[in-house]
Amino acid sequence: MIDKETLRKVVSLQRNELNIFENGTQREDIKKIDMNIPFAVILTGARRVGKSTLLRQLMKKVKGFYYFNCEDSRATSFEVEDFEKLDEIFHDDYGNQDYYFFDEIQNISKWELFIRRLVDIKKHIIITGSNASLLSRELGTRLTGRHLNHEVFPFSFREFLKIKGKKENIDSFERYLMTGGFPEYLRSERPDILQELLKDIISRDITARYKIRNQKALKELATYLLTNIGKQITFNSLKKNFKLGSIHTITSFISHFEDTYMIFTISRFDYSLKKMNINPKKVYSIDNGFSIKNSVSFFDDRSRLLENLVFINLRKIHKEIFYFQDKNECDFIIKNGSNIIQAIQVCYQISKDNQERELNGLIGAMDKFKLKEGRILTYNQEDNFVIKDKVIKAIPVWKWLLEN
């Protein structure tokens, strides 16, 4: 519990500090968020991805609002019962407003009880949080059908061009491919920013929250996965390599990584759910710069970085992404409802040595799912292939990013 006068001071200080922070580059996400709907709008994403900045940008769109940062160290004793005091302070000091903004709300146990009451009286609520599973579990118990989720990712290529003042070309894309899109890192390009980010996720979002004792193994596994983006993994091999004793420990660790948006895994597609669960997964990271600066060795495999970048941009739009493997592999197939709607191959450079393999992997997926058109995404090549009744278009990733 926190006493009312201390809480009042914290609210006032936070409000004044809003004027100190830069509003930053306006996010493309701002166009997608409707703040006038009678639901709670939940902004989720990794730490330092720009959720708080987006929250402040949304505040600029309304005349009056309430604001509270739940991660403020000056309010560490804040509990769910204190929301009543907080609401009284809001009304006493800032009048009657319809918009509530809460930053990193998952830090307050049972926060959804208060938010549900605000939704019931038709208030507009915008919330940020850094743990997908935790938020969805709490939202599912109290706010089913009364909330909308919006995932925030690192800067897109278009946003990167804006913050760096660069033009749309292969040179600027090369820079983006290697630096990624974490806003704070792009401003200074200090490696320690991304290295400290990994430490924060491990210690604050995973170790402390889930009371994990073997933090060393957790960090080593995270580093290994960040170094091996685009590769296939099996839980059994990871269990043996890291001597963690059980498959359950590995699956739990990777689940925590995914909940914090640090790591993503996709399954090999199969109509059998049982087979999908036991087949090797492919692993990707939230950001190329984050992977490079936290890898165990110097890492500049542009082919895998290109594939990782494509995955992240597919993940912004689609939830059901798989890889396909028969005689050859197709990097990504996209499922919508019960249908496979896209097949995409990523190839850094199409050459005589790899053309047949890359095309056959894509065609295998197109045949399987009866697709007439397919895509090969390259570093900087454009081409068209017509094979029997199938059309395959090769396009540079940087042009594809600007299309999307």
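Quick caveat, the model's predicted, so the values are computed rather than measured.

Cut-offs used in this document
- Residues numbered from 1 in each chain as written.
- Predicted model: local features only at pLDDT ≥ 70, side-chain atom pairs only at ≥ 80, totals over all residues.
- Heavy atoms only, no water.
- 1 Å grid on protein atoms, 1.4 Å probe; cavity = no way out; pocket = protein on both sides within 12 Å on 5 of 7 lines; lining within 4 Å.
- Points joined across faces, edges and corners; volume = space filled by probe spheres on them.
- Helix = DSSP H or I, 4+ residues; strand = E, 2+ residues; numbered from the N terminus.
- Nonpolar A, V, L, I, M, F, W, Y, C, P; charged D, E, K, R; others polar.
- Salt bridge = Lys/Arg side-chain N within 4 Å of Asp/Glu carboxyl O.
- Buried < 20%, exposed > 50% of the residue type's maximum accessible area, 1.4 Å probe, protein only.
- Core = buried A, V, L, I, M, F, W, Y, C linked by side-chain atoms within 4.5 Å.
- Axes fitted to C-alpha atoms, helices over the stretch in contact; angles between N-to-C directions.
- Parallel < 35°, antiparallel > 145°, perpendicular 65-115°, else oblique.
- Left-handed = near helix turned anticlockwise from the far one by under 90°.
- Contact = heavy atoms within 4.5 Å.
- Phe/Tyr/Trp six-rings, centres within 6.5 Å; stacked < 30°, edge-to-face > 60°.
- Lys NZ or Arg CZ within 6 Å of the ring centre and 35° of its normal.

1. A short note on empty space enclosed by the protein
Here is step 1: The final tally for this structure, using the stated rule, is 2 cavities of 30 Å³ or more.
Here is step 2: Every residue lining the largest cavity is counted, 14 residues in all, and those nearest its centre are Tyr176, Ile286, Asp287, Leu309 and Ile312.
Here is step 3: Among the elements that make up the lining of the largest cavity, the one with the highest residue count is helix α15 (residues 302–315) (4 residues).
Here is step 4: Taken together, the residues of the lining of the largest cavity break down into 7 nonpolar, 5 polar and 2 charged.
Here is step 5: Estimated volume of the second largest cavity: approximately 30 Å³.
Here is step 6: Along the walls of the second largest cavity sit Arg48, Phe182, Glu184, Tyr185, Ile193, Leu194 and Leu197, which together make up its complete lining.
Here is step 7: The set of elements that each furnish at least two residues to the lining of the second largest cavity consists of α8 (183–188) and α9 (191–210).

2. With respect to the pattern of salt bridges
Here is step 1: As enumerated under the stated definition, the model contains 36 salt bridges in all.
Here is step 2: Glu189 is paired through a salt bridge with Lys164; the nearest N and O atoms lie 3.0 Å apart. Highlighted residues: Glu189 in the loop between α8 and α9 and Lys164 in helix α6 (residues 157–164), separated in sequence by 25 residues.
Here is step 3: On the basis of relative accessible area, Lys164 is assigned to the partly exposed category, the value being 29%.
Here is step 4: Between Arg302 and Glu174 there is a salt bridge, with the nearest N and O atoms lying 2.8 Å from each other.

3. Describing unusual backbone geometry
Here is step 1: One non-glycine residue with positive phi stands out, namely Lys122, at about 70°.
Here is step 2: Here Lys370, not a glycine, exhibits a phi torsion of approximately 55°, which is positive.
Here is step 3: Turning to its location among the elements, Lys370 is positioned in the loop between α16 (355–369) and β12 (373–378).
Here is step 4: Residue classification places Lys370 among the exposed positions, given a relative accessible area of 73%.

4. Regarding the nonpolar core
Here is step 1: Ranked by internal contacts, the top residues of the largest apolar core, which has 86 residues, are Phe101, Phe173, Phe257, Phe290 and Phe332.
Here is step 2: Within the second largest apolar cluster, 28 residues are counted, among which are Leu7, Val80, Leu86 and Tyr100.

5. Some words on the packing of α9 against helix α12 (residues 247–259)
Here is step 1: Closest axis-to-axis distance for the α9/α12 pair is 11 Å, and the angle between their directions is 130°. The angle between α9 and α12 places the two elements in the oblique class. Read as a crossing pair, α9 and α12 show a hand that is right-handed. Taking contact as the criterion, the partners of Ile202, Ile206 and Tyr210 in α9 are, on α12, His256, Phe257 and Asp259.
Here is step 2: For the contact of α9 with α12, the residue count by class is 4 nonpolar, 1 polar and 1 charged.

6. Regarding the packing of aromatic side chains
Here is step 1: Overall, the coordinates contain 27 aromatic pairs when judged by the stated rule.
Here is step 2: Ring geometry for Phe65 against Phe101: centres 5.6 Å apart, planes inclined by 85°, an arrangement best described as edge-to-face. Residue Phe65 is located in the loop between α2 (51–59) and β2 (66–69), and its partner Phe101 is located in strand β3 (residues 99–103); the two are separated by 36 residues in the primary sequence. Residue Phe65 shares its accessibility class with Phe101, and that shared class is buried.
Here is step 3: Ring geometry for Tyr261 versus Phe264: centroids 6.5 Å apart, planes at 70°, classification edge-to-face. Phe264 matches Tyr261 in its accessibility class, with the two residues each being buried.
Here is step 4: Connected via pairs of aromatic rings, a cluster forms that spans Tyr66, Phe68, Phe78, Phe83, Phe90, Tyr100, Phe102 and Phe114.
Here is step 5: It is Arg15 that lies over the ring of Phe65; its NZ or CZ is 4.2 Å from the centre.
Here is step 6: Here the guanidinium or amino end of Arg15 rests over the ring plane of Tyr94, the centre of that ring lying 4.6 Å away.

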